[in-house]
Amino acid sequence: MAFAELDLNPLLVKAATAAGYLQPTAVQQQAIPAALSGRDLLVSSQTGSGKTAAFLLPCLHRLAEKPGIGKQTRVLVLTPTRELAQQILRSAETYGQFLPGLRSIILAGGAPFGPQLRQLERRVDLIVATPGRLLDHLQRGRVDLSGLQTLVLDEADRMLDMGFTDDLDAILAKAPDARQTLLFSATLEGVVGRLAMRVTRDPLRIEVEAAPGMEVRIEQSLLFADDRSHKAKLLDSVLRDVSLSQAVVFTATKRSADEISGELRQQGHAVEALHGDMNQRERNWTLQQLRTGRVRVLVATDVAARGLDVPGITHVINFDLPRKAEDYVHRIGRTGRAGREGVAISFAAHQEKRLVRDIERYTAQTIRVGTIVGLEPKARSSMPSRPRSSAPAPRRSSGNGGTRSGWRA
Ligand code: AMP
């Protein structure tokens, strides 16, 4: 199927083509026509599936159909973090680049109010917001949702996880009933299912597996480490792999993100840290450095796990394993973007085998255990029993880190 067959405004098709998209992804093929017909949607789709365009393109199409009235906002996208909000705004600007007069802004927490207030003085067609900050503006009467056409809840599961339930309900109370609601989430079960029942009407449920050619192709492996200094040596070795273009190294705490980035800098790596203690300006600067390639290694806490979309990231390294299997998926999804190949290497302490097993069960994939010659763990860490899944071990491609830098599987 071609983009032109989706009955989208030709200026949006032109933008998708300019972005290098050859054809709509599976989630786009299903969600765009349904959204254009005005239906509510419940969509579960994998990370990297092209879901942002799946909701933005129909929203932009409807915005382009007729000019707005007064200062009413017609599209609101709610998302859990400011990084994701920035990503979505960038996508809206890319896809809407040929639409004349389109005004989109971000209202996210952690940023100063002044510029947001100035932006709200003019007409705004599309707002991308985090729930807390939007509610603040709503309660002060600075945002008018009475003309809202479409509400998008992006990463709804994550918003609920982060405790935004009451904020979401308060926001929904201010949105007109006669709106379209598009809910995107990794899962549609449990609390998300209950939220969906409250916020949507006769929704179409779309569950999409990774589309051919867009599936996440990430070679995953695991290195057991005796202690922190062993991990540091492993990290230095992995970062010297010539196939590594850019990497995100995940740590459990802000402090260790700072420490590790400091150590790596001393070892001569082009590195920056990214975590929640940094102000928005610092975070933006760091992400910009990464995007332009001036930074090769980003050491981050989970704050960067969602939304970070830098095509040059070839490697994700879990210096510390995430506590939740779901976060593992989001972390490794920072590489292998848009059908490219990626490498995910996790360091595990010997006592973390259970956590590894949980991750394997969640992803229904086994993670290959490897070693680096000369840096083998002293303690033995065999992983005798396999998880319930019978999924084959991830494919080993010849182009990645693995064997090249002296690994053994
Ligand atoms: P998302 O799942 O929205 O985070 O998108 C993942 C990546 O896929 C982003 O880098 C998009 O730019 C890219 N993308 C979205 N739609 C397409 C498409 N139809 N063809 C190729 N890449 C796409």
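Q: Which parts of the structure should I look at to understand the nonpolar core?
A: Considering soluble globular proteins, one finds that nonpolar side chains tend to be buried as a cluster. Formed by 38 residues in total, the largest nonpolar core has its most connected members in Leu41, Phe55, Leu57 and Leu182. Looking at this core element by element, the count peaks at 8 residues for helix H3 (residues 51–65). Excluding residues that lie within four positions of it along the chain, leucine 41 makes contacts with Ala31, Ala34, Ala35, Thr181, Leu182, Leu183, Pro203, Leu204 and Ile206.

Q: Looking at this structure, I do not really get the side chain of aspartate 154. What am I missing?
A: Following the sequence through the fold, aspartate 154 ends up in the loop between strand S5 (150–153) and helix H7 (156–161). In terms of polar contacts, aspartate 154 uses its side chain to reach the side chain of lysine 51, at 2.9 Å. A polar contact is formed between the side chain of aspartate 154 and the side chain of threonine 79, at a distance of 3.2 Å. Each residue touching aspartate 154, except ones within four places of it in the same chain, is listed here: Lys51, Phe55, Val77, Leu78, Thr79, Pro80, Leu84, Ile88, Met159 and Phe184.

Q: Looking at this structure, how should I read helix H11 (residues 254–266)?
A: Because each turn of an α-helix spans 3.6 residues, side chains separated by three or four positions in sequence point in the same direction. Taking 1.5 Å per residue, 13 residues should reach 18 Å; H11 reaches 19 Å between its end C-alpha atoms and fits that length. Residues of H11 that are buried include every one of Ser256, Ala257, Ile260, Ser261 and Leu264, and no others. End-on view of H11: buried residues confined to an arc of 130°, all on one side of the axis. Across H11 from its buried face, at more than 90 degrees, point the exposed residues Arg255 and Gln266. Two residues or fewer after H11 comes glycine 268, characterised by a positive phi angle close to 100°.

Procedures and definitions
- Residues numbered from 1 in each chain as written.
- Predicted model: local features only at pLDDT ≥ 70, side-chain atom pairs only at ≥ 80, totals over all residues.
- Heavy atoms only, no water.
- Core = buried A, V, L, I, M, F, W, Y, C linked by side-chain atoms within 4.5 Å.
- Buried < 20%, exposed > 50% of the residue type's maximum accessible area, 1.4 Å probe, protein only.
- Helix = DSSP H or I, 4+ residues; strand = E, 2+ residues; numbered from the N terminus.
- Contact = heavy atoms within 4.5 Å.
- Polar contact = N/O pair within 3.5 Å; in protein donor to acceptor, adjacent residues only side chain to side chain.
- Expected span 1.5 Å × (residues − 1).
- Arc of directions from axis to C-beta.

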